[in-house]
Amino acid sequence: MLTWPAPFLPAIPGTGFPVHLHDSVTGRRVLASAGPVATMYVCGITPYDATHLGHASTYIAFDLLHRAWLDAGLTVHYASNVTDVDDPLLERASATGTDWRSLATEQTALFAEDMTALAVLPPHTYLGAVETIPTVVTTVQRLLDAGLAYRVPLEDGAGGDHPELGDVYADVTIDPGTGSLEGLTHDETVALFAERGGDPQRAGKRDPLDPALWRRERPGEPSWDGGALGTGRPGWHIECTVIAERSLGLSFDVQAGGRDLCFPHHEMSAAHCRALGGHGPRIQAHAGMVALDGTKMSKSLGNLVLVSRLRERGIDPMAVRLAVLAHHYRSDWEWTDEVLASAVARLDRWRSAVSGNGGPDALPTVEEIRRALADDLDAPAALRAVDAWADASLSLGGTVEGAPGVLSRSVDALLGIRL
Ligand code: ZN
């Protein structure tokens, strides 16, 4: 899968601080990477409604981590995926009378355009589910051979020429930590699993929470050669595990995504990593949800604000990025006209403030931005530091030659805002 072009990263004076990040699993703030190589996997999109503000907010959040790591002198390996075959994509294609491949290609291209416009650094490894199928097949076979996965018999009409080969599911009971969510009963966990794409009612499973690893061929659905597994397609969680293993290994620093991926997706992917002999991600980091007019933005409600639509309206993508950065990545927040208007005004003010040759000393502000980012990616605090510099520059001026340039390049390198 081709990624999007990398934005230019200006050189800035000094070095960033070690970044600490909130781990969703333990609730603790921990060092995000001991270095010298930092590894991050951010779950990619299922390409059928790209790129809404919730997506943008997630990828911008972890782009800050990528930038802060680079600024601290670490080498970053960043991997991501595109789930270019899965139930929601096939359902959308069927509902709109579109070919699922065309829908995936078109939406993946739109996502790349939006990420480019929002100045998100691209992943180093970027793989689609379809192109990863041969590796998924060998990985699922490893789990079957190790007794960590099992077959579930198919309904009549499924399975093509080999209906005797069942779907393959992972056995979650082998990993004692899996499926016991804090504060939820087992029944509530099962309900959440169903709500987020799981199939707890499927007959023949050992545990309702067991996730599919390989879904055998069904009439009217695309399928691929699975060797001894039989024709079929990959499950979602194993897709990310396999792509993480290929790019970062089975033990890595951070797995990230929107908070709705916390369970079952990230929990199951991490369990698959452990089943395959790794430790999985050391930290799971999750971005909050973005609402519109008091309601959570969701595909089913049809109230998505798309970055491409904002761009079509002539809104500067830097203002969109700034609107996102005005909220802490872990908070839930609401997209409103006022949020956008305030970001547009802030961007104008910052641009006016850096338009002269001289200004207030920018180095203390650069340090404040760095400290804010190192403290669980506190973008709102970083923005306040730049506001203070801009206020001083506009009201008092300043005599430090080149200070506006230093500020401008630092805001670009650290926050991804081009002034
Ligand atoms: Zn994923």
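What comes next is a walk through the structure. (Residues numbered from 1 in each chain as written. Predicted model: local features only at pLDDT ≥ 70, side-chain atom pairs only at ≥ 80, totals over all residues. Heavy atoms only, no water.)

**A word on the coordination of the zinc ion**
Then comes step 1: Only C43 (SG), C240 (SG) and H265 (NE2) from the protein coordinate the zinc ion, and they sit 2.0 to 2.1 Å from it.
Then comes step 2: Read in sequence order, the donor residues for the zinc ion give the motif C-x196-C-x24-H. Taken together, the residues span a long stretch of sequence, with C240 in helix α6 (residues 236-247) and H265 in helix α7 (residues 262-275) at a distance of 25 residues. We note that C240, like H265, is buried. (Donors = N, O, S within 2.8 Å, 3.2 Å for Na, K, Ca; no water. Helix = DSSP H or I, 4+ residues; strand = E, 2+ residues; numbered from the N terminus. Buried < 20%, exposed > 50% of the residue type's maximum accessible area, 1.4 Å probe, protein only.)

**So, the packing of aromatic side chains**
Any aromatic ring pair is given by two values, namely how distant the centres are and how the planes are angled relative to each other.
Then comes step 1: Summed over the entire model, instances satisfying the criterion amount to eight aromatic pairs.
Then comes step 2: Relative to Y329, the ring of F62 lies with its centre 5.7 Å away and its plane at 75 degrees, an arrangement referred to as edge-to-face. Of the two residues, F62 sits in helix α1 (residues 53-71) while Y329 sits in the loop between α9 (317-325) and β14 (333-335), which places them 267 residues apart along the sequence. A single burial state applies to F62 and to Y329, both of which are buried.
Then comes step 3: An aromatic cluster is defined as three or more aromatic residues linked by ring pairs; in this entry it consists of W4, Y59, F111 and Y126. (Phe/Tyr/Trp six-rings, centres within 6.5 Å; stacked < 30°, edge-to-face > 60°.)

**What to know about the sheet that holds β14**
Then comes step 1: Taking strand neighbours across the sheet as the criterion, the three strands line up as β13-β12-β14 in an open arrangement whose pairing is mixed. Single-partner strands in this sheet number two, and they are β13 (295-296) and β14. (Pairing = 2+ DSSP bridges.)

**Structural notes on empty space enclosed by the protein**
Then comes step 1: Scanning the model with the defined rule gives three cavities of 30 Å³ or more in all.
Then comes step 2: If you add up the space inside the largest cavity, you get close to 70 Å³.
Then comes step 3: The wall of the largest cavity is formed by S57, I60, A61, L64, V324, L325, H327, H328, Y329, W333, L377 and A379.
Then comes step 4: Of all the secondary-structure elements, those providing two or more residues to the lining of the largest cavity are α1 and α9.
Then comes step 5: The element contributing the most residues to the lining of the largest cavity is α1, with four residues.
Then comes step 6: Of the residues belonging to the lining of the largest cavity, the class tally is nine nonpolar, three polar and no charged.
Then comes step 7: If you add up the space inside the second largest cavity, you get close to 50 Å³.
Then comes step 8: Around the second largest cavity, the lining residues are G16, F17, V19, A68, D71, R370, L373, A374 and L414.
Then comes step 9: Looking at the lining of the second largest cavity, the elements with two or more residues in it are α1 and α11 (363-374).
Then comes step 10: Element by element, the count of residues in the lining of the second largest cavity is highest for α11, at three residues.
Then comes step 11: Taken together, the residues of the lining of the second largest cavity sort by class into six nonpolar, one polar and two charged. (1 Å grid on protein atoms, 1.4 Å probe; cavity = no way out; pocket = protein on both sides within 12 Å on 5 of 7 lines; lining within 4 Å. Points joined across faces, edges and corners; volume = space filled by probe spheres on them. Nonpolar A, V, L, I, M, F, W, Y, C, P; charged D, E, K, R; others polar.)

**What to know about a negative patch on the surface**
Then comes step 1: On the surface, a cluster of negative charge is contributed by D293, E334, D337 and E338.
Then comes step 2: Secondary-structure assignment places D293 in the loop between β12 (290-292) and β13. (Patch = residues over 30% accessible without salt bridge, like charges linked within 9 Å, V, L, I, M, F, W, Y side chains within 5 Å. Areas by Shrake-Rupley, 256 points an atom, 1.4 Å probe, with all protein chains shown as cover. Salt bridge = Lys/Arg side-chain N within 4 Å of Asp/Glu carboxyl O. Lys, Arg positive; Asp, Glu negative; His and termini not counted. Charge placed at Lys NZ, Arg CZ, Asp CG, Glu CD.)

**Describing the sheet that holds strand β9 (residues 232-234)**
Then comes step 1: Spatially, the four strands line up as an open sheet ordered β6-β7-β8-β9, and their pairing is antiparallel. Both outer strands of the open sheet, β6 (149-152) and β9, are each paired with one neighbouring strand and no more. Along the sheet, successive strands turn relative to each other by an average axial angle of 20 degrees, direction set aside.
Then comes step 2: In the sheet, strand β7 (residues 167-170) pairs with strand β8 (residues 212-216) via two bridges, with the strands oriented antiparallel. Its bridge partner lying in β8, V168 is registered against W214. (Axes fitted to C-alpha atoms, helices over the stretch in contact; angles between N-to-C directions.)

**Some thoughts on α11**
Then comes step 1: With 12 residues, α11 extends 17 Å between its outermost C-alpha atoms, agreeing within 8% with the 16 Å of an ideal straight helix rising 1.5 Å per residue.
Then comes step 2: T365, V366, I369, R370, A372, L373 and A374 are the residues of α11 that are buried.
Then comes step 3: At its buried positions, α11 is contacted by β1 (20-22), α1, α12 (379-396) and α13 (403-415).
Then comes step 4: D376, located one to two residues past α11, shows a positive phi value of around 55 degrees. (Expected span 1.5 Å × (residues − 1). Contact = heavy atoms within 4.5 Å.)

**Remarks on the pattern of salt bridges**
Pairs can form between side chains of opposite charge once their charged atoms are near each other.
Then comes step 1: Scanning all chains against the criterion turns up 26 salt bridges.
Then comes step 2: Via salt bridges that share partners, R29, R330, D375 and D376 belong to a single interconnected network.

**Quick word on the environment of L407**
Then comes step 1: Looking at where L407 falls in the secondary structure, it is placed in helix α13.
Then comes step 2: Residue class for L407 comes out buried when judged on its relative accessible area of 1%.
Then comes step 3: Here the alpha-carbon distance between L407 and L325, two residues 82 residues apart in the chain, equals 17 Å.
Then comes step 4: Beyond its immediate sequence surroundings of up to four residues, L407 is in contact with V354, A362, T365, V386 and W389.

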